[in-house]
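Per-entry structural report
One-letter residues, chain by chain:
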Amino acid sequence: MASIADWLDNRTGYRKLLSAALDEEVVGGARWAYVFGSGLLAIFSFQVLTGLLLMATYAPTVSSAWSSVFYIQHKVAGGWFVRGLHAYGAQAMVVVLGMHLLQVAIYGAYKKPREVTWWFGLALLGVVQGLALTGYLLPWDQKGYWATKVATNIAGTVPLIGGAVQALVVGGSEYGQATLTRFYVLHVGVLPATLVLLVTGHLYLFRRNGATPPAGADLKRVEPFYPNQVFKDVAFAVLILAVMAILTSISHGGHLDAPADPSADYPPRPEWYFLFLFELLKYLPGSMELVGTIILPGLAMTFLFLLPFLDKGESKRVGDRLPWIAPLLVGGLGIVVLTWMSMSADANDADFQAARAKAHERAERAIALAKGGIPPGGPLEMLRNDPMSYGADLYEQHCQTCHILDGQGERSAPDHDGFGSRAWITGLLHDPQAKKYFGTTEIDEMKPMDELGEEKIKAVTEFLFSLGHEKGDPPHDGALATQGREVFENECMDCHILGDEGADMFDGPNMTGYGSSAWIRGQIKDPGSEAQYGDMNEMPSFSDDLTDHDIEMITAFLRRQRFAQK
Amino acid sequence: MGVEQSQPRRSFLKLASAAGGAVIGLVLAIPGLRYIADPLRRTGGQVGRWVSLGGLDGMPEDHPVQLPVIGDQTDAWTRSKDVKLGAIWVRRQGDAVKAWNAECPHLGCKVGYDRSKSQFACPCHESAFSPAGERLGGPSPRSLDPLQTRIKDGKVEVRFVRFRAQTPEREEIG
Ligand code: FES
């Protein structure tokens, strides 16, 4: 064994390399305060590993990105865990970076001769933010799409070069395939490579100048890097990974929003560590915008860059350096306060919460549908064939301007909560002129049918309900419906049409197939036809404005109300 | 060879190496930069397009409604029919139809309509606009971006165009 090691050392000199790496003397002794830098290295290695694993499944195209992330999250064995670690790793990076910066500032470790080490560190700070920003877009979900839109528009505000910079990262003026591919190559290629180069320089300089012991440390105490400091570093890395793993397990991995949709409502927010900037923008009117997006961050970076020259005294005691440490603390406090303000504003904003809840619902719906397989056209194509999301959107745009559903909309036609259900029909029979039925329309010919008595009303209800029955629906009471048919034929057909019969007095609504898909479709396409409301009709026809597919989606969406449990 | 002779020879070698490096750099950098800057060449193509919104009848009187803009799109190598390009707000008053791009002029979030306050509200940084699209407050540098409308064969059409965010003046970008 020993001879093989000797041989290898003779050929490679690995012992010298190892000893150079590990036997470094730590002047002033190993310290917990030194663990942050190596903690960042540990997180970076986690990110590389989990990132490579994600790349083994992820597909960076507009039609596949969301689908592949969905696949990672819900299908691949342990996919949610790998993705969760990667997401929390990004956050851990930001947190530990903050600690590292603070420790270096407090210890005065940026002072001569370590200025360049400090600058490398600042550059790394920028690269890490770039990684966070670019990674956010890759799932191509609503969250990433809208946050990126805001972020790149901010880049566009830089005087002179802003427009070109924005067009370069976005890959044109529209957000799409080019944007995604560019962010992808930045995230997995350009930025990590830059980071490795900068880390190499940072570490080389760190090794050259050594750690900075705190003011008043016993400089005669010297400990070897290995194992004294290495032990502490490893312990910290274990702690970080444990926290990441626990957070991942609790939340079951990273969140995946509904697929990116340029026409959908969405209340975007950046990741929590950018919330302070987001909040700042609220208070700066248009003309002052640059203050928040460019000038303040620019000043902060310039201050940090110049710090080694501003704070150039010999002393490393915090007390002696207060004028230079204070701005850091004030800045840090400002960040905390702004973050808190942003969070509390959102928590107290009912509209925001409602929009959030809707976005969440949409995400759940998309994921539920995706479990049945996503068509080659991608998740948007999938959703466009879903009555519960696309149909609901169409309904909101075209129908809620007259009908109320779920408390939303304007009322100048019957409400649609439970439309076509037994309860809805019974309610109508009792009080057709109620506001939720025809009270807001000019249709006032129908009188309450209370005189029939509960028994008969129940039977007529069942009969009318049975008219809309379709294959696959839950069963109805056939015997009761037959009784109801008799009552209907005796009592209602002076006004209403059923099949070829009825309507001697008024040209009342045609009840043939009432509540069925065909009836609803007919009502949307041609409500004034003989098969629907005839001459009584007040509703506009949508056959010109909506495609057959759209009408089908609204029909299917609306028809579900007959089974609503309210 | 003597030292006197090797000196110019070394300078030549240094110069030649630098030149070789420069050639390599240029040969890679020029096509590389052109390649990566390709999107700059493509901006400023067709700006704006007319899309149909359907008949007047389906639009409620004096009440802003949001409509998706559906049209054909070329996205890099993909040409798709009937995809969602964005959203607009439309308000009908009698036979007149006003339309705005639903993108907030501040930083591009999608503006909603707050029925309780009867005003447009941005979910991002709290910009607010009147039902006529005028800026009421918040960081937006200008009012909502109006879109041209016309009526053709009884159908309302709107010229859908996107504007640069964040500038006090409107600048069409796509
Ligand atoms: S994007 Fe609308 S207020 Fe900022």
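What counts as what
- Residues numbered from 1 in each chain as written.
- Chains lettered and ligands numbered in written order.
- Predicted model: local features only at pLDDT ≥ 70, side-chain atom pairs only at ≥ 80, totals over all residues.
- Heavy atoms only, no water.
- Disulfide = S-S within 2.5 Å.
- Helix = DSSP H or I, 4+ residues; strand = E, 2+ residues; numbered from the N terminus.
- Buried < 20%, exposed > 50% of the residue type's maximum accessible area, 1.4 Å probe, protein only.
- Polar contact = N/O pair within 3.5 Å; in protein donor to acceptor, adjacent residues only side chain to side chain.
- Contact = heavy atoms within 4.5 Å.
- Domains from an automatic or database assignment.
- 1 Å grid on protein atoms, 1.4 Å probe; cavity = no way out; pocket = protein on both sides within 12 Å on 5 of 7 lines; lining within 4 Å.
- Points joined across faces, edges and corners; volume = space filled by probe spheres on them.
- Nonpolar A, V, L, I, M, F, W, Y, C, P; charged D, E, K, R; others polar.
- Pairing = 2+ DSSP bridges.
- Axes fitted to C-alpha atoms, helices over the stretch in contact; angles between N-to-C directions.

Attention now moves to the state of the cysteines. All names here are of chain B. Summed over all chains, the structure comprises 1 disulfide over all chains. Note that Cys-109 is cross-linked by a disulfide to Cys-124, the S-S spacing being 2.0 Å. One quick way to see it: the torsion about the S-S bond of Cys-109 and Cys-124 is about -75 degrees, and its sign makes the bridge left-handed. Of this pair, Cys-109 sits in the loop between strand S4 (96–101) and strand S5 (112–114) while Cys-124 sits in the loop between strand S6 (119–121) and strand S7 (128–129), placing them 15 residues apart in sequence. For Cys-124, a relative accessible area of 2% translates into the label buried.

We now examine the side chain of Asp-386 of chain A. All names here are of chain A. Following the sequence through the fold, Asp-386 ends up in the loop between helix H15 (379–384) and helix H16 (387–398). We classify Asp-386 as buried; its relative accessible area is 2%. For Asp-386, the side chain forms a polar contact with the side chain of Arg-365, separated by 2.6 Å. Other than its neighbours up to four places away in sequence, Asp-386 contacts Arg-365, Leu-369, Gly-391 and Met-553.

Turning next to the domain arrangement of chain B. Here the domain parsing of chain B yields domain 1 (1–45) and domain 2 (49–160). Domain 1 of chain B and domain 2 of chain B are separated by 52 Å when their C-alpha centres are compared.

Residues and elements named next belong to chain B. Scanning all chains against the criterion turns up 3 cavities of 30 Å³ or more. Estimated volume of the second largest cavity: approximately 50 Å³. Taken together, Asn-101, Glu-103, Cys-104, Pro-105, Gly-108, Arg-142, Asp-145, Phe-163 and Ala-165 form the lining of the second largest cavity. Class assignment of the residues belonging to the lining of the second largest cavity gives a composition of 4 nonpolar, 2 polar and 3 charged.

Another aspect to go through is the sheet that holds strand S9 (residues 146–147) of chain B. Spatial ordering of the open sheet is given by S2-S3-S4-S9 (chain B), a layout of 4 strands whose pairing is antiparallel. Looking along the sheet, the strands with just one partner apiece sit at the ends: strand S2 (65–75) and S9 of chain B. Across 10 bridges, the pairing between S2 of chain B and strand S3 (residues 78–93) of chain B is antiparallel. Following the sheet pairing, Asp-75 of chain B is matched in S3 of chain B by Thr-78 of chain B. Contacts from H16 of chain A reach S2 and S3 of chain B within the one sheet, and its direction differs from that of S2 of chain B by about 130 degrees.

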